[in-house]
Amino acid sequence: MARNGNGKFRLLYLQKIFLERTDEEHGITMPEIVKALEEYGVSAERKSLYGDIQALQEYGMDIVGEQKGRSYSYYIASREFEQPELKLLVDAVQSSKFVTERKSNELIRKLESLCSRHEAKKLQRQVYVSGRIKTMNESIYYNVDEIQNAISNNEKIRFQYFQWNVKKEMELRRGGRYYLISPWGVSWDNENYYMIGYDSDADTIKYFRVDKMLKLAAAGEKREGHEAFKKMDLAALSKKTFSMFAGTERYVKLEFVNEMAGIAIDRFGRDVSMIKKDEGHFIVNVNVAVSRQFLAWIVSLGDGVRVLGPDTIVRQMREEAERLAAVYGGTI
């Protein structure tokens, strides 16, 4: 790169040097700044650099000068993101099952660019998490964007939908025929993204795993299902839907042991009404989409929770228990 003594790019490179090389624990002296600028082919005198630093400070950069021993150094004291916030974001990216390994690494590298190279090393220590299952469908990022655009433009979308077979191969549902759905929202549940949409052919609301949608595109048709979604509180959806499996919505009466109060709150929210039954139990009445996944959730909690009503749901629980007993060769 040709040397540049007129300061045309000097301020930009100076900003870059401060952002990449300094933090509260790592300052940079004036001679080091001059040397760093020379690496970019930019020459500068101390006197002009004092004015440049002041200009960056007036621009909004929190550059602090500090006397350390016999030397005077400068560093960035605060940034848009603090180190704990970046660690939180890195952990979220790394632990998200829907984010592929390759995309995780890309996103983490971008997060590292928001701090100094010294702080980036601390973020890298957060990356190594073993045994994590990651999705293999990288199109999910574009799918989510396409869905949101369709919602904004009040358009239907079309896509193919697949499932995995025992050979670990993608197998298209419905023989590869395209789904034509009116999207109304995107939800995050059980470490997966789901698209919530209205199927006008079936006249029902359906849920689709976004990472299993292929060749998604706007259909150029106006959305339908306004009336169905007028009655639906998307924000409350995760409280009553288990693993995003549709079911008949019913008010269910559940009895919990007191030790499972946290589980009830985590599942149904802090506003759930918990009615004392006796010294060891409480009762909640909640609206849930009754599906096999809901019944499985009840079973997973063992004798800590019991369905009290309605009778049809109690009967379903007994049938589920009998089915499991038959599978494992036992009786109830």
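Residues numbered from 1 in each chain as written. Predicted model: local features only at pLDDT ≥ 70, side-chain atom pairs only at ≥ 80, totals over all residues. Heavy atoms only, no water.

**Notes on the side chain of R223**
- Topologically, R223 is positioned in the loop between strand 9 (213–222) and helix 8 (226–230).
- Buried and without a salt bridge, R223 has E155 as its closest oppositely charged side chain, separated by 9.1 Å.
- In terms of polar contacts, R223 uses its side chain to reach the side chain of N154, at 2.8 Å.
- At 2.7 Å, the side chain of R223 forms a polar contact with the backbone oxygen of P183. (Helix = DSSP H or I, 4+ residues; strand = E, 2+ residues; numbered from the N terminus. Buried < 20%, exposed > 50% of the residue type's maximum accessible area, 1.4 Å probe, protein only. Lys, Arg positive; Asp, Glu negative; His and termini not counted. Salt bridge = Lys/Arg side-chain N within 4 Å of Asp/Glu carboxyl O. Polar contact = N/O pair within 3.5 Å; in protein donor to acceptor, adjacent residues only side chain to side chain.)

**Examining the nonpolar core**
- Formed by 25 residues in total, the largest nonpolar core has its most connected members in I147, I157, F159, M195, F208, V210 and M213.
- Where this core is concerned, the elements lending two or more residues are helix 4 (83–95), helix 5 (101–112), helix 6 (117–124), helix 7 (140–152), strand 4 (155–164), strand 6 (179–189) and strand 9.
- Per-element accounting of this core gives the leading share, 5 residues, to helix 7.
- Other than its neighbours up to four places away in sequence, M195 contacts I147, I157, F159, I181, P183, G185, K206, Y207, F208, V210 and M213.
- Core analysis: the next-biggest nonpolar cluster, separate from the first, contains 22 residues, V252, V284, V288 and V290 among them. (Core = buried A, V, L, I, M, F, W, Y, C linked by side-chain atoms within 4.5 Å. Contact = heavy atoms within 4.5 Å.)

**Regarding the sheet that holds strand 2 (residues 63–68)**
- Spatially, 3 strands are ordered 1-3-2 in an open sheet, and the strand pairing comes out antiparallel. In this open sheet, the two strands that pair with only one neighbour each are strand 1 (28–29) and strand 2.
- Relative to strand 3 (residues 71–76), strand 1 is paired through 2 bridges, and the arrangement is antiparallel. If you follow T29 over to strand 3, its bridge partner there is S73. (Pairing = 2+ DSSP bridges.)

**Some points on helix 10 (residues 261–268)**
- All of the buried residues along helix 10 are A264, R267 and F268. Seen along its axis, helix 10 keeps its buried residues to an arc of 75 degrees; they face one direction.
- Taken from the residues just after helix 10, G269 is the one with a positive phi, measuring 95 degrees. (Arc of directions from axis to C-beta.)

**Focus: helix 2 (residues 30–39)**
- Every buried residue belonging to helix 2 is among M30, I33, V34, A36 and L37, and all of these are buried. Projected down its long axis, helix 2 carries its buried residues within an arc of 165 degrees, all on one side. In helix 2, those exposed residues whose orientation departs by more than 90 degrees from the buried face are K35 and E39.
- For helix 2, the elements touching its buried residues are helix 1 (10–21), strand 1, helix 3 (46–59) and strand 3.
- A positive backbone phi angle near 75 degrees is found at G41, which sits one or two residues after helix 2.

**Thoughts on the side chain of R79**
- You can see R79 is positioned in the loop between strand 3 and helix 4.
- For the buried residue R79, which engages in no salt bridge, the nearest side chain bearing the opposite charge is E119, 4.0 Å off.
- Looking at R79, its side chain comes within polar contact range of the main-chain oxygen of T22, at 2.5 Å.
- Here R79 is in contact with F18, L19, T22, L114, C115, S116 and E119, once residues within four sequence places are set aside.

**Structural notes on the pairing of strand 7 (residues 192–199)**
- The element strand 7 is extensively covered by neighbouring structure, given that 7 of its 8 residues are classed as buried.
- Bridging between strand 6 and strand 7 involves 7 bridges; their strand directions are antiparallel. Within strand 7, the residue paired with P183 across the bridge is G197.
- Sheet topology note: the strand 7/strand 8 (residues 204–209) ladder contains 6 bridges and is antiparallel. Each residue of the ladder has a partner; that of G197, found in strand 8, is K206.
- Following strand 7, the chain reverses through 4 residues before pairing antiparallel with strand 8; D203 in that reversal takes a positive phi of roughly 55 degrees.

Such coordinate-based values are descriptive only and should not be taken to indicate function.
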